[in-house]
Amino acid sequence: MDQEENWDSPSDTLYQPQQQYRKPLTANPNDLLMDIDSKFAGKIIGKGGVVIKGLKKESGAFITVLDSDTYGLKVVKISGNQNAKEHAQRLINDIIDANDPEKIVLKLKEESDMKLSEPVQSTFNWDELMKEEAENLKKRLAALPPIIKDFYKEHPEVTMMTDQEVEDFRLTKNNIMIKYIDENNLKPIPKPVLKFSHAFADYPEIMNEIQKQNFEIPSPVQCQAWPVIMSGHDLIAIAQTGTGKTLAFLLPAFIHIDFQPTPRSERKGPSILVLAPTRELVLQIESEVKKYSYKGIKAMSIYGGASSGKQKECLRNGVEIVIATPGRLNDFVGSGAIDLSDVTFLILDEADRMLDLGFEPQIRVSLLRVRPDRQTVMTSATWPPGVKRLAKSYTTNPIQVMVGSLDLTTVNTVKQDILIMEEEEKETWLDDFLRKCSKDDKIIIFVNRKVTVDQLSSDLCMKGFIVESIHGGREQSDREMALDCLRNGEVNILIATDVASRGIDINDITVVINYDFTKDIEEYVHRVGRTGRAGKTGLAITLMTRRDWSKAKELVEVMEKSGQDVPQELQDMATRFEAKKDRERAEGGDRPFRGGRGGGRGYSRGDGGFSGSRRNNY
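Nothing here was measured: the structure is a model prediction, and the numbers come from that model.

1. Description of the environment of serine 287
Looking at the element boundaries, serine 287 is found in helix H13 (residues 279-289). The class for serine 287 is partly exposed, based on a relative accessible area of 42%.

2. Thoughts on the side chain of threonine 452
Mapped onto the elements, threonine 452 comes out in helix H20 (residues 450-462). For threonine 452, a relative accessible area of 15% puts it in the buried group. Excluding residues that lie within four positions of it along the chain, threonine 452 makes contacts with Val447 and Asp516.

3. Some thoughts on the pattern of salt bridges
Oppositely charged side chains are able to pair whenever their charged atoms sit close together. Taken as a whole and judged by the stated rule, the model has 24 salt bridges. Salt-bridge contacts for lysine 195 lead to glutamate 157; the nearest nitrogen and oxygen are separated by 3.5 Å. Here lysine 195, found in the loop between strand S5 (177-180) and helix H9 (196-200), pairs with glutamate 157, found in helix H7 (residues 156-159); they are 38 residues apart in sequence, far enough to count as distant. Here glutamate 205 and lysine 295 are joined by a salt bridge, their closest N and O atoms 3.8 Å apart. You can see glutamate 205 sitting in helix H10 (residues 204-212) and its partner lysine 295 sitting in the loop between H13 and strand S8 (299-302), a full 90 residues away along the chain. The class of lysine 295 is partly exposed, set by a relative accessible area of 36%. In the salt-bridge network here, residues are joined through shared partners; they are Glu423, Lys426, Asp516 and Arg547.

4. Things to note about the pairing of strand S14 (residues 443-446)
Burial along S14 is two-sided: Ile443 and Ile445 facing one way and Ile444 and Phe446 facing the other are all buried. Two strands pair when backbone bridges link them, and S14 and strand S16 (residues 493-496) are joined in this way by four bridges, in the parallel orientation. Note on S16: the bridge partner recorded for isoleucine 444 is leucine 494. Pairing between S14 and strand S17 (residues 511-514): four bridges, direction parallel. Along S17, the bridge assignment pairs isoleucine 445 with isoleucine 513.

5. Here's the deal with unusual backbone geometry
Its identity as a non-glycine residue notwithstanding, asparagine 175 has a phi of 55°, on the positive side. If you trace the backbone, asparagine 175 turns up in the loop between helix H8 (163-172) and S5. Under the relative-accessibility criterion, asparagine 175 is labelled partly exposed at 32%.

Each value, and the rule that gives it
- Residues numbered from 1 in each chain as written.
- Predicted model: local features only at pLDDT ≥ 70, side-chain atom pairs only at ≥ 80, totals over all residues.
- Heavy atoms only, no water.
- Helix = DSSP H or I, 4+ residues; strand = E, 2+ residues; numbered from the N terminus.
- Buried < 20%, exposed > 50% of the residue type's maximum accessible area, 1.4 Å probe, protein only.
- Contact = heavy atoms within 4.5 Å.
- Salt bridge = Lys/Arg side-chain N within 4 Å of Asp/Glu carboxyl O.
- Pairing = 2+ DSSP bridges.

Structural data, given as structure tokens:
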């Protein structure tokens, strides 16, 4: 169940309060109707309809949540062919099971080979339940083959570092901060490594692979993550995208696979499981793994939109590393197509994004099949309450490594230019700018709507530009081809929705253009982060109109934190919007302010708006 951005159409699947399900039943007796408790309706719909859209994509069925004429119930109407309807029903039941305490208890007991002698009561004695589950866990662990997590021997040069030298080094590496999540844990924390040989001197095959890639020095997150992971600790890595988090967990994963007591040939399934939020990120991680030829270790990706038959065939042939989106993995787990009982190393990559997309139920159900004593690594760009909750559930005495600040900031290797103009001026500006670009430039143009991607692509092609495009409505094969064309230089312009704002690892993007301003400031940070990667510099240009003035204050704050020159026009825009909000509050009491939606409530010259030059000369 892979869910992606779909900005350009309102959800047509949100429940309709005035609709009853009796008429659809009469009109089409082939529809499948599911009665569900009203409390699960929101989970099935998801924020902004994102979950139900994912259900439709994954199953191929049309799904609508309707009111029932029975108090406390909703009706899910499922239309389509029989296979699609049954698939959708299974996915919906998985969501309900993952959010129903009674069903969770049942699953836990089933995993422990326990039989319930009496029906589960609607009210639980949670203390007894936790005690019983702890006993079950002990029995389950006793029956599992042993695993090894600690493969680290501290290099003498690292051992000789004083506490002050360690502190100074962390400060110079973008202020690395490290701690146990449990503040009462007083065990020593591993020191950082300064170079690759400090971490992998005892693993010459790994050093050979590093040398093949011509890496010079580890990134800040790698310096601290490798000693933590290789010492057997669970890790939570908080860092912006493009900071080397993938390699931080990948190289220790190779060692982890190779040195377990159970031979690779005797394992029933993969040893490493990586969960990631989008197909593009899954494919990127798979591509990263395949750059290395460490002892014949094989990896494969599992995601929606591609042939499940081919993916299942690859699994049957045997792989050590599986990289998956939570929805498709959940489907494979439910059908028995994948065995996760031998997974001893788990990575939850971009955990904040997976939660944003509503994947938590699928993650929880799938991970019931993974042995509880595995080693777990979580990565995230932010540290919101949802990620903290996930970390508490799936890590054991974790160490948190944070690089930089938890505040939203863009990297200082990217120059950010803000141009304020009218909507109708954008096309002419873009045409002029692209004609002045070097043939060596690689450019991503971000827009908010799929229809804008298609229109802009068509217009630029007619003007003689060679472009590619990706958005959530394109076939997966087309999206992969578009990214490959940009990587290998066949095209140098990509037009995309925010499906490309995270996790797309193309290190030589020179320019990012925000043709449409982002829906929120977090996505602005991630869009800008597509350039200025791997130590290179980049340029991010944002085209703002008076409709965007509600975002001006946050944009000023982000630019100031990363040391950018903030245009006076942008500062004026932010000041005027805040003043307008104050006036609205004074006139309307506590009425919520909804400015910046365009038209008469936007930022306008008639309200003392901007004037003067609105563009720089490029």
